[in-house]
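So you can see what is in the structure, the chains are spelled out below.
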Amino acid sequence: MKGQLIDMFFSEGAILFGRFILTSGRESEYYINVKKLSTNPEALRIIARLMAEKAKTLGIEFDRVAGPELGAVPIATALALETGKPLVIVRKKPKGHGTGSQIEGEVKPGDRILLVEDVTTTGGSVLRAAEVLENAGAEIAAISVVVDREEGAGERIEKKYRFIPLVTVSELFARRNSAGMEE
């Protein structure tokens, strides 16, 4: 399934080449658009199954699945459906109305959460989401990402949490180069 997912990055046009500014503020010559895959039911199903299988294989036990808005929400939703675990969504900022909460879904003190993200560069976004969940009393069981750009996120996240990337940029580009794909 992992090979199938890697192939889908190319067949679905989820890797673009040019000049891009990333969420981290860094400039890049390529952009990995996991949203292209997470809006495709077949690719989303594969992502959820791979994440669930990897967590099970590694013995990671969790009570809930969480994802920061926006890119991780479909992934977290699919994983919640795959595992039967409740879903939690972490907003970037507390909402300015109603309860003013930054978390949608229930988080009880001591809940173990598998936090998911679409792509990590420096890890800043997912680490901010982890902090919000911990402030609500949760424990982060692990952080699972679809793609690790291998630009420092893994090292930063692993200082505090278990880090589980499904695919690395090196693996994507190795497949691209072995298949003779052009930019």
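Rules of the game
Residues numbered from 1 in each chain as written. Predicted model: local features only at pLDDT ≥ 70, side-chain atom pairs only at ≥ 80, totals over all residues. Heavy atoms only, no water. Helix = DSSP H or I, 4+ residues; strand = E, 2+ residues; numbered from the N terminus. Pairing = 2+ DSSP bridges. Contact = heavy atoms within 4.5 Å. Axes fitted to C-alpha atoms, helices over the stretch in contact; angles between N-to-C directions. Salt bridge = Lys/Arg side-chain N within 4 Å of Asp/Glu carboxyl O. Buried < 20%, exposed > 50% of the residue type's maximum accessible area, 1.4 Å probe, protein only. Core = buried A, V, L, I, M, F, W, Y, C linked by side-chain atoms within 4.5 Å. Polar contact = N/O pair within 3.5 Å; in protein donor to acceptor, adjacent residues only side chain to side chain.

A. A look at the environment of Arg 128. Along the polypeptide, Arg 128 turns up in helix H5 (residues 124-135). In the structure, Arg 128 is positioned 42 residues away from Pro 86 in sequence and 21 Å away in space, judged by C-alpha atoms.

B. A look at the sheet that holds strand S8 (residues 163-168). Pairing in this open sheet of 6 strands is mixed, and the strands run S5-S4-S3-S6-S7-S8 from one edge to the other. Edge positions in the sheet fall to strand S5 (103-104) and S8, since each of these pairs with one other strand and no more. Sheet topology note: the strand S6 (residues 112-120)/strand S7 (residues 139-148) ladder contains 8 bridges and is parallel. For Leu 114, the partnering residue across the bridge sits in S7 and is Ala 142. The sheet strands contacting helix H3 (residues 41-57) are S6, S7 and S8, and the helix crosses S8 at an angle near 140°.

C. Structural view of the pattern of salt bridges. Taken as a whole and judged by the stated rule, the model has 13 salt bridges. When the shortest N-O distance is used, the salt bridge between Glu 106 and Arg 64 registers 3.9 Å. Of this pair, Glu 106 sits in the loop between S5 and S6 while Arg 64 sits in strand S3 (residues 64-68), and the two are 42 residues apart along the sequence. Relative accessible area serves as the criterion here: at 46%, Glu 106 is assigned to the partly exposed category.

D. The nonpolar core, seen in detail. Ranked by internal contacts, the top residues of the largest apolar core, which has 40 residues, are Leu 5, Phe 9, Ile 32, Val 147 and Leu 172. Formed by 21 residues, the second largest nonpolar core is a distinct cluster that contains Ile 103, Val 107, Leu 127 and Ala 129.

E. Region of interest: the pairing of S3. In terms of burial, S3 is largely enclosed, as 5 of its 5 residues are buried. Every second residue of S3 is oriented toward a common face, with Arg 64, Ala 66 and Pro 68 on one face and Val 65 and Gly 67 on the other, all of them buried. Here S3 runs beside S6; their pairing, made up of 3 bridges, is parallel. Along S6, the bridge assignment pairs Ala 66 with Leu 115.

F. Fine view of the side chain of Thr 121. With respect to the secondary-structure elements, Thr 121 resides in the loop between S6 and H5. A distance of 3.4 Å separates the side chain of Thr 121 from the side chain of Arg 149, its partner in a polar contact. In this structure, Thr 121 is in contact with Leu 22, Ser 24, Arg 26, Arg 149, Glu 151, Gly 152 and Ala 153, ignoring residues within four places of it in sequence.

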